[in-house]
Amino acid sequence: MKNRQSGIFVTPGDKLGVIEEFLPGLGTYVDDGNIYSSTIGHLLIDLFKKKISDNPSTSITPIPKVGDIVVGQVVNIQDKNIVIKISQINTESRSVLTGIMHVSDVSTSYVKTMFNAFKVGDFVRAKVISSTNKEFHLSTKGSNLGVIQAFCSNCGHLLVFQKHRLRCLNCKKIERRKIVLGYEKGLD
Ligand SMILES: [Zn+2]
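None of the values given here were measured: they were computed from a predicted structure.

A. Unusual backbone geometry, seen in detail. Phi is positive for Lys-134, close to 55°, though the residue is something other than glycine. Within the element layout of this structure, Lys-134 appears in the loop between strand 9 (123-130) and strand 10 (136-139). Residue Lys-134 is classed as exposed on the basis of its relative accessible area of 60%. In the Ramachandran plot, Lys-172 falls in the positive-phi region, its phi being about 75° despite a non-glycine side chain. Here Lys-172 lies in the loop between strand 13 (165-168) and strand 14 (174-175).

B. Highlighting the coordination of the zinc ion. The protein atoms donating to the zinc ion are Cys-152 (SG), Cys-155 (SG), Cys-168 (SG) and Cys-171 (SG), with metal-donor distances spanning 2.3 Å. Around the zinc ion, the four donor atoms sit at angles spanning 98 to 122°, and that spread fits a shape best called tetrahedral. Here the donor residues for the zinc ion map to a single chain with the spacing C-x2-C-x12-C-x2-C. Linking Cys-155 in the loop between strand 11 (146-149) and strand 12 (159-162) with Cys-168 in strand 13, this pair joins segments that are 13 residues apart in sequence.

About the cut-offs
Residues numbered from 1 in each chain as written. Predicted model: local features only at pLDDT ≥ 70, side-chain atom pairs only at ≥ 80, totals over all residues. Heavy atoms only, no water. Helix = DSSP H or I, 4+ residues; strand = E, 2+ residues; numbered from the N terminus. Buried < 20%, exposed > 50% of the residue type's maximum accessible area, 1.4 Å probe, protein only. Donors = N, O, S within 2.8 Å, 3.2 Å for Na, K, Ca; no water. Tetrahedral: all angles 85-135°; square planar, octahedral: opposite > 155°, others 65-115°.

Printed below as a string of structure tokens:
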């Protein structure tokens, strides 16, 4: 794990690295060999793929194992389950797989319905707890797992954590998620 991953706050135009060093991930753009942020947040640090020379040049779709940490986006929500499109496994790779999470694996506290913890479009960091038959079951139990980037369901702006609540600074809506400890804080 690289310390660059741990929630550095970036804004559009910030230089994040060079393409010799990283492959540009979501929320970045490349100009003259440099990688810049195209968004606000810390997520793109998470989505960075390390130097490609660390991996074999043939790009085989990596398969998550039990215990792996994945990052992905919520694509479907039902009362008791969500489906996550996995975009990253550990910090090294990318994939096009989906994972599923049951409401009992969201938190160590009781969660009644998935609608209280996630919304479609949220980016989530989760742990693989089962991979039987290539069905990847995920969990966000633990303070370092959960939603890492969420968007206002009213206006689409990035939600920030401020005064103990997840807030939209644009339209003032307050929302609820199972967020990670260290979710992006809004400036007072
Ligand atoms: Zn809003």
